[in-house]
Amino acid sequence: QVQLVESGGGLVQPGGSLRLSCAASGFTFSNSAMNWYRQAPGKERELVARITSAGITSNYADSVKGRFTISRDNAKNTVYLQMNNLKPEDTAVYYCNTRLVYWMKEYGYWGQGTQVTVSS
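Residues numbered from 1 in each chain as written. Predicted model: local features only at pLDDT ≥ 70, side-chain atom pairs only at ≥ 80, totals over all residues. Heavy atoms only, no water.

### Digging into the nonpolar core
Counting 29 residues, the largest nonpolar core has Trp36, Val79, Leu81, Met83 and Tyr94 as the members making the most contacts within it. For this core, the secondary structure elements donating two or more residues are β3 (18-25), β4 (34-39), β5 (46-51), β7 (68-73), β8 (78-83), β9 (92-102) and β11 (114-118). (Core = buried A, V, L, I, M, F, W, Y, C linked by side-chain atoms within 4.5 Å. Buried < 20%, exposed > 50% of the residue type's maximum accessible area, 1.4 Å probe, protein only. Helix = DSSP H or I, 4+ residues; strand = E, 2+ residues; numbered from the N terminus.)

Here is the structure:
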């Protein structure tokens with residue numbers, strides 16, 4: 001079955017950095033675009049970054065452009081989110097996500113999430 005397992009979250013001071021990882025299994029990782037979402041308390045889940053299957057193209061939310069970088073290692077079935085110059089408003093649970101198509105129907109899969117807290 002499809003599994004997405006995030007790691008790397010924690011408490012960091014403003015201006016600091018964290019690197020999130022998402023280990024994937026149960027599907028052909030190298031054929032799938034991958035996404036990072038986040039959800040802050042009381043807010044809707046929002047798309048932070050996505051990367052195409054070969055890692056050639058990536059897109060970012062305006063709020064994180066220039067600070068976050070998404071990357072992937074298809075040999076390790078892992079996608080990363082490097083977060084630099086973190087701000088208190090980046091505090092959220094971060095989720096790894098992919099969408100797979102079976103029998104012409106799309107299914108979304110999510111990890112359990114990893115908490116990122118930016119505070120002094």
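Further notes follow.
### Re the pattern of salt bridges
The tally for this structure, following the rule as stated, stands at four salt bridges. Asp90 is the partner of Arg38 in a salt bridge, and the nearest nitrogen-oxygen pair spans 2.9 Å. Of the two residues, Arg38 is situated in strand β4 and Asp90 in the loop between β8 and β9; the sequence distance between them amounts to 52 residues. Residue classification places Asp90 among the buried positions, given a relative accessible area of 1%. As a salt-bridge pair, Asp90 and Arg67 come within 2.7 Å of each other at their nearest N and O atoms. Of this pair, Asp90 sits in the loop between β8 and β9 while Arg67 sits in the loop between β6 (58-60) and β7, and the two are 23 residues apart along the sequence. Arg67 shares its class with Asp90; the two are buried. A cluster of three or more residues bridged by salt bridges with shared partners is formed by Arg38, Glu46, Arg67 and Asp90. (Salt bridge = Lys/Arg side-chain N within 4 Å of Asp/Glu carboxyl O.)

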